[in-house]
Amino acid sequence: MSDVDVAVVGGGAAGALVLAHLTRLAAARVRVALIDCGPGEVGSGTAYRTPDPAHLLNVRAGAMSAWPDRPDHFARWLSANGWGGVGGEDFAQRAAYGAYLASLAYDAAGGGQADVRLIRGRANGLHRSPDGWTITIDGAAPVHASEVVLAIGIEPPAQAWVPRRLRGRPRFVADPWRPGALDGVGPGDPVLIVGTGLTAVDVAVSLSARTRRPITATSRNGLLPFAHTREARASMPLDGGELPASVKELRRLVHRRVRESIAATGDWRPAIDGLRPHTQAIWSGLPEADRREFLRRDLRRWENARHRMAPTVADAIAGLRAEGRLLIAAEHPSVAIAVAGPDSWIINTTGPDPDLAGSTNPLIQQLFAEGYVTTGPLGMGWATTDDGQLRDAYGEAVPGLWTLGSTRRGQLLETTAVPEIRAQALDLAERLRDTPSPRRGPGPRRGSGHLVRRDQYGLPILTTARAGEHFDDAVRRVLRVQRGAEEALDAAIAEDPSFALAHIVRALLAAEGVIVADARGALAEAERAAGTRTDARTGSLLRAVTGRVRANDPAGLLRHIDEFPRDALVVNACVPTIAFGGATQVPQHAWAIVERLAPVYGEDWWYLGLLAFVRQEQHRWALSADLAERALAADPSGGHAAHARSHVYYETGEHRAGLEWLDGWIRGPGRTAFQSAHYSWHAALHEIALERWADVSARLRGQLSPPSVSGVRALVDSASLLWRCHVLGASAQPVAIDEVLGAVAQELLHEPPTAFIGLHAALALAAAGDLDRLDALRRYAAGRTEPAFDLVAVLVRALIAYLTGDYALTVELISRRTGEWVRLGGSDAQREIIDDTLLSALHRAGRYTSAPTGR
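Residues numbered from 1 in each chain as written. Predicted model: local features only at pLDDT ≥ 70, side-chain atom pairs only at ≥ 80, totals over all residues. Heavy atoms only, no water.

### Side note on the sheet that holds strand β10 (residues 326-330)
Argument step 1. Reading across the sheet, the five strands line up as β7-β11-β8-β9-β10 and stay open at both edges, with parallel pairing between neighbours. With partners counted over all chains shown, the strands left at the sheet margins are β7 (172-173) and β10, one partner each.
Argument step 2. Bridge count between strand β8 (residues 191-194) and strand β9 (residues 215-219): four bridges; the pairing is parallel. For V191, the partnering residue across the bridge sits in β9 and is I215.
Argument step 3. Against the sheet, helix α4 (residues 198-208) contacts β8, β9, β10 and β11 (345-348), and its axis sits at roughly 165° relative to β8.
Argument step 4. Against the sheet, helix α11 (residues 333-340) contacts β8, β9 and β11, and its axis sits at roughly 175° relative to β8. (Pairing = 2+ DSSP bridges. Helix = DSSP H or I, 4+ residues; strand = E, 2+ residues; numbered from the N terminus. Contact = heavy atoms within 4.5 Å. Axes fitted to C-alpha atoms, helices over the stretch in contact; angles between N-to-C directions.)

Written out as structure tokens, the structure reads:
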């Protein structure tokens, strides 16, 4: 094992700059290990690994020095190392900057007195030890360090948008920066680039020398980055006292500055460049709601203006467009892919997913699983302190664990360009120059109880032994998604009528629709019982459920989890799953709830099943399957694990195996499942994918037909399946839609309480062909201010257009909101019906060569 003061994990620009600054400041007083698994030289990373000489930096060489006090250092290095002809105002090759960073790393390792070790291998684990951290590495000995800097760089492009039928296809390039990824593109091959940012520009420039066919690049807005001017211009300074306090003030400030800059110089760029030193301060000063609005409405235009093409690259792109060799389209990716045809190369340049919780990097997965990190603000990067120290699942700074660069995007927004990374690297080096540090603390905390009478998760309950057994049985049934919870709670209350906790849980389950009971009446009984016997847990949950029942406010439930993280039933209620609507409509927020509890629950069967469900929502199929199988091995009837396994089978295209497994589970361990209709719906999806329409019909007539199904399940499972059959071209409807709608409370169709229910109300009414009620639903949704009802109104308009034969309008309305449909809630498989409707409309409009069928 190697012992060092500081270990830097990641050998891209961020890691190389930390190493350079640390060795420069600390000289011989520091022992440093740089751990890098990249295929190129240390320092090259993803950004500077490219060998294509046409790929240029998008920042002038004079701003790319590693040393703030020596701004001409990079330009001088270029001249001294065979990259002559590039001055401070020019744009150097990206490969040259990779070589520059590599030289800094090697100089740090061999040119001074500091003890520096360059270790080749992939860090796969990080483990706390009594006096620091131990890093395990593929193909190398472990490294023990007092301090660790995670300089992991930028993740590969996101694939959440990628249709299932495209994944794994030989001509789909998931990551164009993977060495050799574009080598297979031939001179006559058609190419579709998904994305129109700087990566798309680089790919287009490279492929233009390889293929004679026109290249199409598409994104939702069809916007290319702007170009730099050939001559550098001084930026337009901003007075620090002018910093805006809202996104509206920010827009006004930018527009005013642009007008002033154009009037003074004839160019808008100095106004944007003058904001750069203040971007992080502006971002941190905006309210969270304004930051969300900026990400939704302004980010792409800001990035196009802020991160610009080198003039030579811009000329090349303009030339390709003028020759008709590069076409730019503003179109939904699924539309563009459908039109492109099966022989096209599809190149993914959409950029990384800002939420690291979905990463496939084993080190990142382990850090989340053990609670050493948590998702950063607005679901981007990691949460850190102002100086880059990571925060754990409980929001506390983790001693000895630091990060910089892209992982701090949620906190800083602008944190991926070299000038920002350079400043962070210098700041970290100044903080770590005097390591080793004696500061050490415990790992993530674990919940515990201190009363003698405890429930199955160690929390105190104030009741008799017999009532406690019934209560535990009720909780287990809820956690398993199993019938019988209501009866078990009734038995607990009969045994001990003053058992306040049982009354509170009854009120919560009634409010969530898990049991059929009067939520307000149960809450009143809970308040009466708590007046005679209570404790901290009971009082906390009573306040939380009171807010949920009387004001539809879930915030108290989240606060309760903070105080009592082992209250598994409440955690279960806060995460949108098969049985609960959840406490948030933002998937990343729900994931964070589950992620941070890993140290609390460990290998608990219920938690593994819930985590498996989160992992499949993050498209981490293999990890989800493994977690689900571990959970089912411990408790074969676990509904969350079975649900997650069902999704993985479907999303990975294992339809025959998935159908066989699911039918066996439904008949066996899952025969007492509370939401049995939904598992049958999953089985029907496999049958549709296999085009076994007779089996789909039989399932609809049996397991998914009233009276076997009713209420919300009839709406969400049966009615939506009938519409899916319709758009996929099934010849007959095996169950009358009127029969299904007769089993649904009419208020769910007319005035759905959530956007998710509204989505399925719209599908049900479309399946019935009921234009009048669809229009009434549209008016209702348009008048609601709650999250995502705007999408319900748009979808209803699209369905009305579909039913009246205006397929072009259906395509336009659905395509326009691409990327937003996730706000409706539910799973990818449930929202997939929107894509199916879009593809059917494309086919009927003559824009898709073959009708969509089962997957």
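Here the narrative resumes.
### Overview of the confidence of the model for the protein chain
Reading predicted coordinates in detail is not appropriate for stretches of low pLDDT.
Argument step 1. Per-residue pLDDT for the protein chain has a mean of 89; in total, 95% of the residues score no lower than 70.
Argument step 2. Across residues 436-452, where pLDDT falls below 50, the model places 38 contacts with residues more than four positions away in sequence or in other chains.
Argument step 3. Note that pLDDT drops below 50 for residues 850-855; the model gives that stretch 21 contacts with residues more than four away or on any other chain. (pLDDT = per-residue confidence, 0-100.)

### Points about the packing of helix α1 (residues 13-26) against helix α3 (residues 94-110)
Argument step 1. At a minimum axis separation of 9 Å, α1 and α3 run at an interaxial angle of 40°. One way to sum up the angle between α1 and α3 is to call them oblique. As for how α1 packs across α3, the hand of that crossing is left-handed. Contact residues: α1 offers A13, A16, L17, L19, A20 and T23, while α3 offers L101, L104, A105 and A108.
Argument step 2. A breakdown of the residues in the contact of α1 with α3 according to their chemical character gives nine nonpolar, one polar and no charged. (Parallel < 35°, antiparallel > 145°, perpendicular 65-115°, else oblique. Left-handed = near helix turned anticlockwise from the far one by under 90°. Nonpolar A, V, L, I, M, F, W, Y, C, P; charged D, E, K, R; others polar.)

### Some points on the packing of aromatic side chains
Argument step 1. A complete count under the given rule lists 19 aromatic pairs for this structure.
Argument step 2. Three or more aromatic residues link up through ring pairs in this structure, and these residues are Y48, F74, W77, Y97 and Y100.
Argument step 3. Seen from the ring of W67, R24 lies directly overhead, with NZ or CZ sitting 4.3 Å from the centre.
Argument step 4. Positioned over the ring face of F789 is R784, at 4.5 Å from the centre of the ring. (Phe/Tyr/Trp six-rings, centres within 6.5 Å; stacked < 30°, edge-to-face > 60°. Lys NZ or Arg CZ within 6 Å of the ring centre and 35° of its normal.)

### Description of empty space enclosed by the protein
Argument step 1. A full pass over the atoms with the stated rule returns five cavities of 30 Å³ or more.
Argument step 2. Quantified by volume, the largest cavity comes out at close to 90 Å³.
Argument step 3. Together, 16 residues line the largest cavity, and D455, V475, R537, D567 and L569 are the ones closest to its centre.
Argument step 4. Every element with two or more residues in the lining of the largest cavity is listed here: α15 (465-480), α17 (500-511), α19 (536-551) and α21 (568-574).
Argument step 5. Taken together, the residues of the lining of the largest cavity break down into ten nonpolar, one polar and five charged. (1 Å grid on protein atoms, 1.4 Å probe; cavity = no way out; pocket = protein on both sides within 12 Å on 5 of 7 lines; lining within 4 Å. Points joined across faces, edges and corners; volume = space filled by probe spheres on them.)

### Section: the side chain of T577
Argument step 1. Of note, T577 is situated in the loop between α21 and α22 (587-595).
Argument step 2. Ignoring anything within four residues of it in the chain, the contact list for T577 reads L610, F613 and H640.

### Quick look at α17
Argument step 1. Its twelve residues give α17 an end-to-end C-alpha distance of 17 Å, which sits within 8% of 16 Å, the value for a rise of 1.5 Å per residue.
Argument step 2. Within α17, eleven of the twelve residues are buried, which leaves it mostly tucked inside the rest of the structure.
Argument step 3. For α17, the set of buried residues is A500, L501, A502, H503, I504, V505, R506, A507, L508, L509 and A510.
Argument step 4. Of the surrounding elements, those touching the buried residues of α17 are α15, α16 (485-495), α18 (519-530), α19, α20 (555-563) and α21. (Expected span 1.5 Å × (residues − 1). Buried < 20%, exposed > 50% of the residue type's maximum accessible area, 1.4 Å probe, protein only.)

### Regarding helix α12 (residues 362-369)
Argument step 1. Across the eight residues of α12, six count as buried, placing the element largely inside the fold.
Argument step 2. For α12, the side-chain oxygen to backbone nitrogen distance between the N-cap and L363 is 2.8 Å, and the N-cap itself is N361.
Argument step 3. The first or second residue beyond α12 is G371, which carries a positive phi of 80°. (Polar contact = N/O pair within 3.5 Å; in protein donor to acceptor, adjacent residues only side chain to side chain.)

### Some points on the pairing of β8
Argument step 1. In β8, alternate side chains face the same way, and those of V191 and I193 on one face and L192 and V194 on the other are all buried.
Argument step 2. For the handedness criterion, the β-α-β arrangement of β8, α4 and β9 is classed as right-handed.
Argument step 3. Relative to β11, β8 runs parallel, the two sharing four bridges. Bridged to V194 within β11 is N348. (Right-handed = clockwise from strand over helix to strand, strands pointing away.)

### Quick notes on the pairing of β11
Argument step 1. Residues W345 and I347 of β11 are buried on one face, and the alternating residues I346 and N348, pointing to the opposite face, are buried as well.
Argument step 2. With two bridges connecting them, β7 and β11 associate as parallel partners. Following the sheet pairing, V173 is matched in β11 by I347.

### Observations concerning the nonpolar core
Argument step 1. Ranked by internal contacts, the top residues of the largest apolar core, which has 82 residues, are F471, V545, Y601, W606 and Y679.
Argument step 2. Not counting residues within four places of it along the chain, the set of residues in contact with Y601 comprises Y457, P565, R566, D567, A568, V571, W606 and Y607.
Argument step 3. The next biggest cluster of nonpolar side chains, apart from the first, holds 69 residues, and it includes Y650, L749, L759 and A798. (Core = buried A, V, L, I, M, F, W, Y, C linked by side-chain atoms within 4.5 Å.)

### A word on the pattern of salt bridges
Argument step 1. Scanning the entire structure with this criterion turns up 55 salt bridges.
Argument step 2. Between R596 and D562 there is a salt bridge, with its nearest N and O atoms 2.7 Å apart. Of this pair, R596 sits in the loop between α22 and α23 (598-601) while D562 sits in helix α20; the two residues are 34 residues apart in sequence, bridging distant segments of the chain.
Argument step 3. With a closest N to O distance of 3.2 Å, E629 and R645 form a salt bridge. Highlighted residues: E629 in helix α25 (residues 621-634) and R645 in helix α26 (residues 639-651), separated in sequence by 16 residues.
Argument step 4. The network of salt bridges with shared partners includes R251, E293, R297 and D298. (Salt bridge = Lys/Arg side-chain N within 4 Å of Asp/Glu carboxyl O.)

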